[in-house]
Amino acid sequence: MAKVEKKGSVSEELLREFFREMLLIRRFEEKVEERFRAGELPGFLHVAIGQEACAVGVCRALEEGDVIASTHRAHGHTLAKGTHPNEVMAELYGKLEGTSHGYGGSMHLYDVERGNLGANAVVGGGLPATVGAALAFKMRDEPRVAVAFFGDGATNIGTFHESLNLAQLWQVPAVFVCENNHWAESTPAKQQLPIEDLTERAAAYGMPAMHVDGQEIEEVYASAVAALDHARGGRGPVFLLLETYRLTGHYVGDPQVYRPKGELQELRETQDPITKLREKLELSDEEFEQADREAHELVEASVEFAKAGTDPRPEDALKNLYA
Amino acid sequence: MPELSYREAVRDALSQAMRRDGDVFIMGEDIAEMGGSMGVTQGMLDEFGPERVRNTPISEMALVGTAIGAAIQGMRPVAEVMYEDFLTLAAEQIVNQAAKHRYMSGGQLKVPLTIRTQGGAGWSPGAQHAQQLEAWFVHIPGLKVLFPSTPTDVRGLLWSAIYDDNPVVFFEHRTLYGLKEDVPDELEPIPIGKARVHRDGEDVTVIATGRLVHESLAAAGQAEEDGVSVEVVDPRTLQPLDEETIVDSVKKTNRAVVAHEAVTRMGFGAEVAAVIQHQAFDWLDAPVERVGAKFVPLPFAPVMEEFVVPHQAEVYEAIMRTVGRNGD
């Protein structure tokens, strides 16, 4: 099996950019939780607090023209792929100014212009289309890569297996990013996975795999760069396994009765990717507070933008069905 | 005018599109060297090569889903699902993904995908290789559903499906592959959403799809001998549906029979009957008669299979009921 090599290190300047993005995503999602609890946001919301390094590390490694498919936990991927917080928040408020003009919502964030082919509310649902996008790139001889985000829970569903099988068989330029947060909704890994090392699933298809700490953004970024290079270079798909932690419930409002007592507290103290990067960068309190202030301002502005947005007319529901 | 079989007509539309346009390619199980389980794609591997005539694993979710992804990138894939029974395996990708990407994205995406499939009884495969499931997909906003019944129609409509910017589920009927007909020299695209009146008549309209178009034409000939003049309409496109042609015909004849091979209950004919009663209620002289399969899976033994699915006789009897005669 081909081996995918990581190379190079990440400049401090770039890491500081990553920090600001991760913090923005964190503050954005905390605001989403707050506004949902305040009764302002309709629907079914899932935040990825704790998984910011996965979103930012992978998306910042992408090149112009690369595409992603996301999951029901999509705010971070969407922001990291370059969509403005205003547009994401407006979508969550169901406004015409939102990414999907109110037709999608939190679980269906699309930004095709920026290469986001859509968040998917069916676990594993976006994987086959990722293979298809990669197939189109290969057939047209375009140096582009298609990336699928999904969780450990998705590795149990048929689309995952059929997609990895076909991608490897056809050697398409795809990267399968598994964010293993160790919970499939409320079900822990030990109740849903008969193996511990999920790279074995890629190995079953002969697909090269990388296995890294998803809470260390430098690792995530370097691995993603290597995986994308591998795929772009015509050497076939890569399975990138990121060990991460969901420092919150499955959905906004989840009482998490299934979590062992003390787990969340401990994980928040030891596995917060933002704290880890802050420590690595040795940011002073002043530097942190400035970054935090900027993030807060962007998020507050996005809420104002969204609230001031235009409600669709009910009959707009009849548009956008057929091309 | 060349004579083509239904099978050759499908192949001709695929081949012409692929000659014209590098974005069109086909994928499916056993479609390359074997030429497809129905022989539709025979010879295409030689002409177009394995990049564009792609054999896939037995993997319906991935083959349909991959075609969706390629379509979103602007290709025009035609995915073949060997038997329509196996659409159930890919149903998630068809129903939740292909049908909804455009809508969920607020109009950002197009999915110019064609899913070709086939089914139909008459050869005793039993319960899992010959169902008629077209009505399932008519129920899903975002899909187009086509079901042509002649070589000319299948050629012209497949072309239109390939060049439509929406996901199209394209049903072919197994027992029609050998049916031959003179077709136009040049492929003439047939607009999606236009029914075909196969036979003019004055007393009863039969709205039929697939194999039942031919059974209905035969029944119409039989009824004519009894002095009953029958019009036969094939919608060809189930979604969008040419309601106008159907309703106009019924307003003329004042009687209607809907006929398809699928199970009658919740079949496509139920929708057609609803359209007729709503738009032509005051013109109806008799209840709309329904012809379809009995409410059981397809049995294996030929005598039972023959009993379960409808034929000319059932259509003829339904026609005669609408004119108040018992068909003896």
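Residues numbered from 1 in each chain as written. Chains lettered and ligands numbered in written order. Predicted model: local features only at pLDDT ≥ 70, side-chain atom pairs only at ≥ 80, totals over all residues.

Some thoughts on the interface of chain B and chain A
Part 1 of the argument: With 33 residues of chain B at the interface, the matching set in chain A holds 31 residues.
Part 2 of the argument: Elements with a minimum of two residues in the side of chain B that touches chain A: α3 (60-72), α4 (91-98) and α5 (101-104) of chain B.
Part 3 of the argument: Among the elements that make up the side of chain B that touches chain A, the one with the highest residue count is α3 of chain B (nine residues).
Part 4 of the argument: Split into classes, the residues belonging to the side of chain B that touches chain A amount to 12 nonpolar, 16 polar and five charged. (Contact = placed C-beta atoms within 7 Å. Helix = DSSP H or I, 4+ residues; strand = E, 2+ residues; numbered from the N terminus. Nonpolar A, V, L, I, M, F, W, Y, C, P; charged D, E, K, R; others polar.)

Considering the sheet that holds strand β2 (residues 24-28) of chain B
Residue and element names in this part refer to chain B.
Part 1 of the argument: Pairing is mixed in the open sheet, where seven strands are placed in the order β3-β2-β4-β5-β7-β6-β12. At either end of the open sheet lies a strand with only one pairing partner, and these are β3 (53-55) and β12 (237-239). In this sheet, adjacent strand axes meet at a mean angle of 20° when their direction is disregarded.
Part 2 of the argument: Sheet analysis places β2 next to strand β4 (residues 76-81), joined by five bridges and oriented parallel. Each residue of the ladder has a partner; that of Met27, found in β4, is Ala79.
Part 3 of the argument: In the packing of α3 onto the sheet, the strands contacted are β2, β4 and β5 (114-119), and the crossing angle to β4 comes to about 165°. (Pairing = 2+ DSSP bridges. Axes fitted to C-alpha atoms, helices over the stretch in contact; angles between N-to-C directions.)

Some points on helix α9 (residues 243-253) of chain B
All names here are of chain B.
Part 1 of the argument: Along α9, the residues that are buried comprise Ile246, Ser249, Val250 and Thr253. For α9, the angular spread of buried residues about the axis comes to 95°, placing them on one side.
Part 2 of the argument: Looking at the buried side of α9, the elements it contacts are β9 (196-199), β10 (204-208), β11 (230-234), β13 (256-263) and α10 (268-279).
Part 3 of the argument: Looking at the residues trailing α9, positive phi occurs at Asn254, about 70°. (Buried ≥ 20, exposed ≤ 12 C-beta atoms within 10 Å, placed from the backbone. Arc of directions from axis to C-beta.)

Let's talk about the domain arrangement of chain B
Residues and elements named next belong to chain B.
Part 1 of the argument: Per the domain assignment, the segments making up chain B are domain 1 (3-182) and domain 2 (196-322).
Part 2 of the argument: Domain 1 and domain 2 are separated by 26 Å when their C-alpha centres are compared.
Part 3 of the argument: Each partner contributes to the interface: domain 1 provides 23 residues, whereas domain 2 provides 25 residues.
Part 4 of the argument: Elements supplying a minimum of two residues to the side of domain 1 that touches domain 2: α6 (134-138), β6 (144-146) and α7 (151-162).
Part 5 of the argument: Split into classes, the residues belonging to the side of domain 1 that touches domain 2 amount to 12 nonpolar, eight polar and three charged. (Domains from an automatic or database assignment.)

Re the packing of helix α5 (residues 127-139) of chain A against helix α6 (residues 158-170) of chain A
Each pair of packed helices can be described by the angle between their axes along with the distance between the axes.
Residue and element names in this part refer to chain A.
Part 1 of the argument: One way to put it is that α5 packs onto α6 with a least axis distance of 8 Å and a crossing angle of 15°. Looking at the two axes, α5 sits roughly parallel to α6. In this structure, α5 meets α6 at a crossing whose hand is left-handed. Residues Leu127, Pro128, Thr130, Val131, Ala134 and Leu135 of α5 form the contact with α6, whose participating residues are Thr159, Phe160, Glu162, Ser163, Leu166, Ala167 and Trp170.
Part 2 of the argument: Of the residues belonging to the contact of α5 with α6, the class tally is nine nonpolar, three polar and one charged. (Parallel < 35°, antiparallel > 145°, perpendicular 65-115°, else oblique. Left-handed = near helix turned anticlockwise from the far one by under 90°.)

Description of the sheet that holds strand β4 (residues 174-180) of chain A
Residues and elements named next belong to chain A.
Part 1 of the argument: Taken together, six strands build an open sheet; the order of strands is β2-β1-β3-β4-β8-β7 and the sheet is parallel. One side of each edge strand has no neighbouring strand; the edge strands of this open sheet are β2 (116-119) and β7 (209-213). Pairs of neighbouring strands in the sheet enclose a mean axial angle of 15°, with direction left out of account.
Part 2 of the argument: Here strand β3 (residues 146-151) pairs with β4 via six bridges, running parallel. When the bridges of β4 are listed, Ala148 appears paired with Phe176.
Part 3 of the argument: Each of β4, β7 and β8 (238-243) touches helix α9 (residues 217-232); the most contacted strand, β8, lies at about 170° to it.

Observations regarding the pairing of β10 of chain B
Residues and elements named next belong to chain B.
Part 1 of the argument: With five of five residues buried, β10 is to be regarded as a mostly interior element.
Part 2 of the argument: The side-chain alternation of β10 yields two buried faces, one formed by Val204, Val206 and Ala208 and the other by Thr205 and Ile207.
Part 3 of the argument: When β10 meets β11, the two strands line up parallel, connected through four bridges. For Val204, the partnering residue across the bridge sits in β11 and is Val230.

With respect to unusual backbone geometry
Where the residue is not glycine, phi is negative for most of them; where a peptide bond is considered, it is trans in most cases.
Residue and element names in this part refer to chain B.
Part 1 of the argument: Residue Pro240 follows Gln239 across a cis peptide bond; omega there is 0°.
Part 2 of the argument: Tracing the backbone shows Pro240 in the loop between β12 and α9.
Part 3 of the argument: You will see that Ser124, though not glycine, has its phi angle at about 55°, which is positive.
Part 4 of the argument: Considering the arrangement of structural elements, one finds Ser124 in the loop between β5 and α6.
Part 5 of the argument: One non-glycine residue, Asn254, lies in positive phi territory at about 70°.
Part 6 of the argument: Positionally, Asn254 belongs in the loop between α9 and β13.

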